[in-house]
Amino acid sequence: QVQLVESGGGLVQAGASLRLSCAGSGRTFSRDAMGWFRQAPGKEREFVAHITRSGSSTYYTDSVKGRFTISRDNAKNTVYLQMNSLKPEDTAVYYCAAHGGGTYAHTGNYYYWGQGTQVTVSS
C-alpha cells in the first residue's frame, strides 16, 4: 500500500516561494499518477495540480497556472509542488494523493492521501 508524507509548508509573505515535497513509499509509487489538492478553512477540498506516472504530462487549476509547477522524481519516490508568487488566497492545507484512475481533478478518484502540510501566505 502507498503511504504519503508531505513537508515544506510554512508561513511566508505574499510574493514568496515554497517547494512542497511528498515522500511516498510502496512498490507501486512509480506506477501512480499523483495530485496536489488544497483545503482552506471552511472550504471544500480543491484540485491544484496533477502529474502522470511518468511525469510526461501535467495539469493545473486555472488559479495557479504560471505560478505553480508539479514534478516528480520516481527514483526518489517523491513528488514536488513548486509554488512561486504566492498570494494570500493560496493559504490552505496542501495534500498530495495517489490517483486511482478516472478524471484527474476529482477528489474521489484518488485513493491514498498524505496528512497535509500547512501553507500560510500573509499580506
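S.K.: Give a description of the pattern of salt bridges that names residues and reports values.
M.R.: Summed over all chains, the structure comprises four salt bridges. Among the salt bridges present, the one from glutamate 46 reaches arginine 38, with a minimum N-O distance of 2.7 Å. Overall, glutamate 46 belongs to the partly exposed group, its relative accessible area being 33%. With relative accessibility at 5%, the residue arginine 38 sits in the buried group. Lysine 65 serves as the salt-bridge partner of aspartate 62, at 2.9 Å between the closest nitrogen and oxygen. Here aspartate 62 falls in the exposed class, since its relative accessible area comes to 61%. Since its relative accessible area comes to 48%, lysine 65 is described here as partly exposed. In the salt-bridge network here, residues are joined through shared partners; they are Arg38, Glu46, Arg67 and Asp90.

S.K.: Lay out the sheet that holds strand 7 (residues 68-73) in plain terms, naming residues and giving numbers.
M.R.: If you walk across this open sheet you meet the four strands as 1-3-8-7, and the pairing is antiparallel. Two strands in the sheet have a free side with no partner beyond their single neighbour: strand 1 (3-7) and strand 7. Going across the sheet, the axis of each strand differs from the next one's by a mean of 15°, ignoring polarity. Here strand 1 runs beside strand 3 (residues 18-25); their pairing, made up of five bridges, is antiparallel. Note that in strand 3 the partner of glutamate 6 across the bridge is cysteine 22.

What counts and how
Residues numbered from 1 in each chain as written. Predicted model: local features only at pLDDT ≥ 70, side-chain atom pairs only at ≥ 80, totals over all residues. Heavy atoms only, no water. Salt bridge = Lys/Arg side-chain N within 4 Å of Asp/Glu carboxyl O. Buried < 20%, exposed > 50% of the residue type's maximum accessible area, 1.4 Å probe, protein only. Pairing = 2+ DSSP bridges. Helix = DSSP H or I, 4+ residues; strand = E, 2+ residues; numbered from the N terminus. Axes fitted to C-alpha atoms, helices over the stretch in contact; angles between N-to-C directions.

No statement about biological role is implied by the geometric values presented.
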